[in-house]
Amino acid sequence: MPISKLHVCQCANCQSSGEHPDKKLHLQMNLLLSRLDEQQRRWYVAVESNRIGYGGIRLLSEITGLDEKTIQRGQEELEQKFVDRPIDQIRSEGGGRQPVEKKTQK
């Protein structure tokens with residue numbers, strides 16, 4: 001699996017020029033996220049957002065670069081205990097780009 005680009009945190013603490021304890025944590029979170037697939041990223045950020053509570057979705061969106069709707073979707077999937085999620089594949093059935101038909105000459 002290719003490693004995705006490392007997101008730079010956009011929170012106020014990380015954007016300031018001084019040192020802040022959250023900078024190291026946010027860097028580590030984004031480093032971990034760069035090695036996970038799309039659903040694992042969504043679920044991890046949803047767990048962290050739930051841990052923070054009110055305002056967690058917006059904060060984690062700034063830290064990770066994930067869209068707020070993606071984090072909400074992860075929270076919903078966790079709440080439903082992955083009932084609708086396939087076990088042996090990343091995308092749901094029919095997800096992703098459709099195959100391109102090969103054109104043949106007659």
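Look up a bit, the structure's there.
Cut-offs used in this document
- All residue numbers refer to positions counted from 1 along the written sequence of the respective chain.
- Reporting in this predicted model follows two pLDDT cut-offs: at least 70 for local features of residues, and 80 or more for side-chain atom pairs to be given and counted; totals over whole chains, interfaces and linings ignore these cut-offs and use all residues.
- As a rule here, side-chain values come from all non-hydrogen atoms in the structure, and water together with hydrogens is ignored.
- For salt bridges, the criterion is a side-chain nitrogen of Lys or Arg within 4 Å of an Asp or Glu carboxyl oxygen.
- Secondary structure elements follow DSSP: runs of H or I no shorter than four residues count as helices, runs of E no shorter than two count as strands, and numbering proceeds from the N terminus.
- Three labels apply to residues, based on accessible area from a 1.4 Å probe with only protein chains included: buried if under 20% of the type maximum, exposed if over 50%, partly exposed otherwise in between.
- Axis lines are fitted to C-alpha atoms, over the contacting stretch for helices. Their N-to-C directions set the angle, which ranges from 0 to 180 degrees.
- Geometric relationships in this document are graded by angle, where less than 35 degrees denotes roughly parallel, more than 145 denotes roughly antiparallel, 65 to 115 denotes roughly perpendicular, and other angles denote oblique.
- Two helices that cross are described as forming a left-handed crossing if the nearer one is turned anticlockwise from the farther one by less than a right angle, and a right-handed crossing if clockwise.
- The contact criterion used throughout is that any non-hydrogen atoms of two residues lie within 4.5 Å.
- Under this grouping Gly is polar, as are all residues other than the nonpolar Ala, Val, Leu, Ile, Met, Phe, Trp, Tyr, Cys and Pro and the charged Asp, Glu, Lys and Arg.

A.B. asks: An account of the pattern of salt bridges is requested, with residue identities and associated values reported.
C.D. replies: Under the defined criterion, the tally for this structure stands at four salt bridges. We note a salt bridge from Glu-68 to Arg-58, for which the minimum N-O separation is 3.5 Å. With Glu-68 in helix 5 (residues 68–79) and Arg-58 in helix 4 (residues 56–64), this residue pair connects regions lying ten residues apart in the sequence. Taking the relative accessible area as the measure of exposure, Arg-58 reaches 54% and is therefore exposed. The partner of Arg-73 in a salt bridge is Glu-77, and the shortest N-O contact between them spans 3.3 Å. Placement of the pair is Arg-73 and Glu-77 together in helix 5, with a separation of four residues, close to one helical turn. A relative accessible area of 8% places Glu-77 in the buried class.

A.B. asks: Requested: an account of the packing of helix 4 against helix 5, with residues and values cited.
C.D. replies: Where helix 4 meets helix 5, the closest approach of the two axes is 9 Å, and the angle between their N-to-C directions is 120 degrees. The angle between helix 4 and helix 5 places the two elements in the oblique class. Once helix 4 is placed against helix 5, the crossing between them reads as right-handed. Side by side, helix 4 and helix 5 meet where Ile-57, Arg-58, Leu-60 and Ser-61 of the first sit next to Glu-68, Ile-71, Gln-72 and Gln-75 of the second. Here the residues of the contact of helix 4 with helix 5 sort into three nonpolar, three polar and two charged.

The quantities given are spatial measurements derived from coordinates; they are silent on function.
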